[in-house]
Amino acid sequence: MRDHSQGSEGPQGPEDGGRAEAPPAPAVWTGRATNRVQWLLAAAGAACLALGIDLAVDSAWTSGPAPLVMAVVGCVAAGLLMLYGTIAFVHVAVRVDKDNVEIRCGHIGVPRTRIPLTHVVDADFDPRVTPRQWGGWGYRWRPGKGTGVVVRRGEGFVVRLGDGRTYTVTVDDAEAAVRVIRARLRLLRGRSAAA
């Protein structure tokens, strides 16, 4: 979504032979993705919760307490699960700094994943990430695919780790995220080669 750069960009002057260099990586890159459709699911969860509360407060059930308790508990549990599941994954925020790739979900930022760049092998752009590939929205894990944070359909990036695991994240301007992560990896490799 944003590519915050600090410093000047563009080719260098004739003092280095007119050779163009890549622009410096930004100090911190942040991006996010939002899915407004999930607010409809949150409204459905709130309706289930309200129904459960209404049944508990104003019930005219004559068939005994067990069916009433089951209906109340079922409605309240379903409502709370839908509310948390949708509000927690309405958006994802990604932050790439000089040391980490941090992925935070929802308004409270949980679950949060911090991946040290020293564990990252490479990053790739994926132009088409869909909830169907991952079995739905949210924080997902699939055998053979790795971990995914999927809040909407569209572009994302895939971070490959040294132990073979992968993280896929849907985020706006994922190509910029990949460029920044790769630039950070080149800097880290340059430092370790010089040491």
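A quick note: this is a predicted structure, and the numbers were derived from the prediction, not measured.

Conventions used here
Residues numbered from 1 in each chain as written. Predicted model: local features only at pLDDT ≥ 70, side-chain atom pairs only at ≥ 80, totals over all residues. Heavy atoms only, no water. Helix = DSSP H or I, 4+ residues; strand = E, 2+ residues; numbered from the N terminus. Contact = heavy atoms within 4.5 Å. Areas by Shrake-Rupley, 256 points an atom, 1.4 Å probe, with all protein chains shown as cover. Pairing = 2+ DSSP bridges. Salt bridge = Lys/Arg side-chain N within 4 Å of Asp/Glu carboxyl O. Buried < 20%, exposed > 50% of the residue type's maximum accessible area, 1.4 Å probe, protein only. Axes fitted to C-alpha atoms, helices over the stretch in contact; angles between N-to-C directions. Polar contact = N/O pair within 3.5 Å; in protein donor to acceptor, adjacent residues only side chain to side chain.

Student: Would you explain the overall build of the chain in this entry?
Tutor: Within the chain, the regular secondary structure consists of four helices and nine strands. Traced from its N-terminal end to its C-terminal end, the chain shows the element sequence β-α-α-β-β-β-β-α-β-β-β-β-α. Considering only residue pairs separated by 6 or more positions, the chain has 55% of its internal contacts joining residues 24 or more positions apart. Carbon and sulfur atoms form 58% of the exposed surface of the chain, whose accessible area is close to 11100 Å².

Student: Is there a simple way to explain the pairing of strand 6 (residues 138-142) in this structure?
Tutor: Look at any regular strand and the pattern is simple: side chains alternate between the two faces of the sheet. Bridging between strand 6 and strand 7 (residues 146-150) involves five bridges; their strand directions are antiparallel. Residue pairing for strand 7: tryptophan 141 is matched across the bridge by threonine 147. Counting the residues in the hairpin turn of strand 6 and strand 7 gives three residues, including glycine 144, whose phi is positive at 85°.

Student: Please explain the pattern of salt bridges as it appears in this structure.
Tutor: It is possible for side chains bearing opposite charge to pair when their charged atoms get close. A complete count under the given rule lists ten salt bridges for this structure. Across the pair aspartate 124 and arginine 160 runs a salt bridge whose closest N-O atoms are separated by 3.1 Å. Here arginine 160 lies in strand 8 (residues 154-161) and aspartate 124 lies in strand 5 (residues 120-129), a separation of 36 residues in the sequence. Taking relative accessible area as the criterion, arginine 160 reaches 34% and is therefore assigned partly exposed. Between aspartate 163 and arginine 165 there is a salt bridge, and its shortest N-O distance comes to 2.8 Å. By relative accessible area, arginine 165 is classed as partly exposed at 44%. If you follow the salt bridges from partner to partner, you end up with Asp122, Asp124, Arg160 and Arg182 in one network.

Student: Which parts of the structure should I look at to understand the sheet that holds strand 6?
Tutor: Sheet strands pair by backbone hydrogen bonding; their relative direction is either parallel or antiparallel. Taken in spatial order, the five strands line up as 5-8-9-7-6 in an open sheet, and their pairing is mixed. Each edge of the open sheet carries a strand with a single partner, namely strand 5 and strand 6. Between one strand axis and the next, the sheet turns through 20° on average, direction left out of account. With three bridges connecting them, strand 7 and strand 9 (residues 166-170) associate as parallel partners. Residue pairing for strand 9: glycine 148 is matched across the bridge by threonine 168. Contacts from helix 4 (residues 174-194) reach strand 5 and strand 8, with the element oriented near 170° to strand 5.

Student: How do you make sense of the side chain of threonine 170 when you look at a structure like this?
Tutor: When you line up the elements, threonine 170 lands in strand 9. Note on threonine 170: relative accessible area 0%, which makes it buried. In terms of polar contacts, threonine 170 uses its side chain to reach the backbone amide nitrogen of valine 151, at 3.1 Å. Residues in contact with threonine 170, not counting those within four places in the same chain, are Ala33, Val92, Val129, Val149, Val150, Val151, Arg152, Glu155 and Gly156.

Student: How do you make sense of the sheet that holds strand 3 (residues 100-105) when you look at a structure like this?
Tutor: Read across the sheet, four strands follow the order 1-2-3-4 without closing on themselves; strand pairing throughout is antiparallel. The strands lining the two open edges of the sheet, one partner per strand, are strand 1 (29-34) and strand 4 (112-116). This sheet shows a mean twist of 10° between the axes of neighbouring strands, independent of strand direction. Where strand 1 and strand 2 (residues 91-96) come together, six bridges link them in antiparallel fashion.

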